[in-house]
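Listed below are the residues making up each chain.
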Amino acid sequence: MTEAASTTRKRARFHTLKVSEIRRLTANAVEVTFDVPEEIADEFDYAPGQYVALRAMVPSYDGTPVELRRSYSISQAPVRGEIKVGIKKDQGGLFSTWANETLAVGDEIDVMSPQGTFVSKKDLVRPGEAQHLVAIAAGSGITPVMAITRSVLEADERSQVDLVYANRSSSDVMFVEELADLKDKYPSRLAVHHVLSREQRISPLLTGRLDQEKLELLLNKVLRTDLADEWFLCGPMELVQMVRDNLAEQGVEAERVRFELFTTGQVGDPTGQHGKPVKIEEGEPTREIEFQVDGLKGTVESPIEARETILNAALRARPDVPFACSGGVCGTCRAKLVSGNVDMAENYALEQDELDAGYILTCQSVPTTDKVAVDFDA
């Protein structure tokens, strides 16, 4: 892993990669491996905890092929020449169902260069410095945590990881063999606490839904908040926010808590992956949106009444504008606000220092001034 991979954002670009392996993790989850040719290997250098966006033509509900983009976390510690992602089938999820049931070895799909800020601010994987990491994950939220955990344990023989992993049942546990192997390899430095909501466990604390009461017991009786250098939280919004609130009440500084959501709880239109058509009536008041991508500037008019996001407007003029989730979660559509003002509805991806520097999520930002300029290259 290079310093650039761990401290800066690379320009998001898609490259066509071939699937070299598909490994079944559970009945509803797979790990997909992509070969990365040496000539573009530097583009896929990454830090533990980052993700890639996948783009493919997938059959919609009526069978019509539609281009979809979805983001999936990288599941392994950095390895040059390959990328592995974990994909869990979501109920009604077009892309995840297709990946689990149809995607095959030898297929080629577009994979975006690694992105994401769910990485250590303290550089926990720096050899020679003992670190204590605590991670709380649910379901497929274990995927980036696997990469982080392995990297931390391998970096220094004194580092420790405490992991709380919530699932419905033991059959839903992703990377169960890898977790067992890590536990065997680092028995005194890795503690794994499986919480199963629909399966009886010996300890009542680990049986049932990970709610407020169980979380408080775990934090007070099992996990040492005073020893943790950093916290990594990955799962649904409700769980992540509950943990963040509890840690804040215990005096854990916000900068020591890293979090990532794999869903915001909002269901989006699966076909809404392109700039939606917007009709401008004659004489209708509009706002001017100027944007820069790959050094090239573009301008588009957007009707005020439409309350169109900057991303949607830009996609109508430039289909190569970077984006992935369109839900304010992944941060791929991040751009710097050069001039004008916007109203940003949601933000689950940008850090406070990025906001202070003028960055916005274009998928969530609607112009509030007559002219707005953004720079995707900044």
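These figures come from a predicted structure and were not determined experimentally.

*Asks:* Outline the overall build of the chain, listing residues and values.
*Replies:* What the chain contains, in helices and strands, is eight helices and 18 strands. A compact globule built from 378 residues would reach a C-alpha radius of gyration of about 21 Å, and the chain, at 21 Å, matches this within 12%. On the principal axes, the C-alpha backbone points of the chain span a range of 70 × 50 × 40 Å. Buried positions account for 52% of the 378 residues belonging to the chain.

*Asks:* I'd like to hear about a negative patch on the surface, residue by residue, with values.
*Replies:* Together, E213, E216, D245 and E249 make up a region of like negative charge exposed at the surface. Among the elements of the structure, α5 (212-222) and α6 (237-249) are those that each provide at least two residues to the negative patch. With respect to the helices and strands, E249 occurs in helix α6.

*Asks:* Describe in detail the sheet that holds strand β2 (residues 29-35), supporting the description with residues and values.
*Replies:* Taken in spatial order, the six strands of this open sheet run β4-β3-β6-β1-β2-β5, and their pairing is antiparallel. In this open sheet, the two strands that pair with only one neighbour each are β4 (65-73) and β5 (82-88). Ignoring strand direction, the axes of neighbouring strands in this sheet form an average angle of 40 degrees. Examined bridge by bridge, strand β3 (residues 51-59) and strand β6 (residues 108-112) share two bridges and lie antiparallel to one another. Pairing of L54 across the sheet is with V111, part of β6. Its contacts with the sheet place helix α2 (residues 94-101) against β1 (14-26), β2, β3, β4, β5 and β6, and it is angled at close to 85 degrees to β3.

*Asks:* So what's going on with the environment of A191? Residues and values would help.
*Replies:* Here A191 shows up in strand β9 (residues 190-196). A sequence separation of 97 residues divides A191 from L94, and the C-alpha atoms of the two residues are 35 Å apart. Not counting residues up to four positions away in its chain, the partners in contact with A191 are V161, D162, L163 and K183.

*Asks:* So what's going on with the nonpolar core? Which residues, and what values?
*Replies:* By size, the foremost hydrophobic cluster in this structure holds 27 residues, and its most contacted members are F34 and L54. The set of elements that each furnish at least two residues to this core consists of β1, β2, β3, β4, β5, α2 and β6. Setting aside residues no more than four positions away along its own chain, F34 makes contact with L17, K18, V19, S20, L54, G81, E82, I83, V85, I109 and V111. The next biggest cluster of nonpolar side chains, apart from the first, holds 26 residues, and it includes V134, L206, L219 and L261.

*Asks:* Outline the packing of aromatic side chains, listing residues and values.
*Replies:* Here a ring pair, both rings aromatic, is described through the centre-centre distance and the interplanar angle of the planes. A full pass over the atoms with the stated rule returns three aromatic pairs. Ring centres 5.5 Å apart and planes at 65 degrees place the aromatic pair F95 and W98 in the edge-to-face group. On the criterion of helical spacing, the pair formed by F95 and W98 is a turn pair, its members being three residues apart in helix α2. As far as burial versus exposure is concerned, F95 and W98 are alike and both buried. Ring centres of F118 and F232 lie 5.4 Å apart, and the angle between their planes is 80 degrees; this geometry places the pair in the edge-to-face category. Separated by 114 residues along the polypeptide, F118 in the loop between β6 and β7 (132-138) and F232 in strand β10 (residues 230-236) bring together distant segments of the chain. You can call F232 buried: its relative accessible area is 1%. A connected cluster of aromatic rings, assembled from ring pairs, spans Y72, F95 and W98. R55 extends its terminal NZ or CZ atom over the ring of F14, reaching a point 4.0 Å from the ring centre. Above the face of the F259 ring, R244 is positioned so that its terminal group lies 4.0 Å from the ring centre.

*Asks:* Go over the UniProt feature "domain: FAD-binding FR-type" (unreviewed entry) in the chain with me, naming the residues and quoting the values.
*Replies:* The UniProt feature table records "domain: FAD-binding FR-type" (unreviewed entry) at residues 12-121. Taken end to end, residues 12-121 is 7% helix and 45% strand, and its first and last C-alpha atoms sit 21 Å apart.

*Asks:* Can you tell me about the pattern of salt bridges, naming the residues and giving the values?
*Replies:* Tallied over the entire structure, the rule returns 19 salt bridges. Here R80 and E38 are joined by a salt bridge, their closest N and O atoms 2.7 Å apart. Within this pair, whereas R80 is found in the loop between β4 and β5, its partner E38 is found in the loop between β2 and β3, the two being separated by 42 residues in sequence. A salt bridge links E253 to R256, with the nearest nitrogen and oxygen atoms 2.7 Å apart. Residue E253 is classed as partly exposed on the basis of its relative accessible area of 36%.

*Asks:* Describe the packing of helix α3 (residues 142-155) against helix α4 (residues 176-185), with residues and values.
*Replies:* Put simply, α3 and α4 touch, their axes get as near as 12 Å, and they point 20 degrees apart. As summarised for this structure, α3 and α4 are arranged roughly parallel, according to the angle between their axes. With respect to the hand of their crossing, α3 and α4 are arranged in left-handed fashion. Packed against α3, whose contacting residues are M146, T149 and R150, the element α4 presents E178, L179 and L182 at the interface. Considering only residue class, the contact of α3 with α4 consists of three nonpolar, one polar and two charged.

Basis of the calculations
Residues numbered from 1 in each chain as written. Predicted model: local features only at pLDDT ≥ 70, side-chain atom pairs only at ≥ 80, totals over all residues. Heavy atoms only, no water. Helix = DSSP H or I, 4+ residues; strand = E, 2+ residues; numbered from the N terminus. Rg over C-alpha atoms; globule rule 2.2 N^0.38 Å. Buried < 20%, exposed > 50% of the residue type's maximum accessible area, 1.4 Å probe, protein only. Patch = residues over 30% accessible without salt bridge, like charges linked within 9 Å, V, L, I, M, F, W, Y side chains within 5 Å. Areas by Shrake-Rupley, 256 points an atom, 1.4 Å probe, with all protein chains shown as cover. Salt bridge = Lys/Arg side-chain N within 4 Å of Asp/Glu carboxyl O. Lys, Arg positive; Asp, Glu negative; His and termini not counted. Charge placed at Lys NZ, Arg CZ, Asp CG, Glu CD. Pairing = 2+ DSSP bridges. Axes fitted to C-alpha atoms, helices over the stretch in contact; angles between N-to-C directions. Contact = heavy atoms within 4.5 Å. Core = buried A, V, L, I, M, F, W, Y, C linked by side-chain atoms within 4.5 Å. Phe/Tyr/Trp six-rings, centres within 6.5 Å; stacked < 30°, edge-to-face > 60°. Lys NZ or Arg CZ within 6 Å of the ring centre and 35° of its normal. UniProt positions renumbered as here; feature names shortened; annotations may be inferred. Parallel < 35°, antiparallel > 145°, perpendicular 65-115°, else oblique. Left-handed = near helix turned anticlockwise from the far one by under 90°. Nonpolar A, V, L, I, M, F, W, Y, C, P; charged D, E, K, R; others polar.

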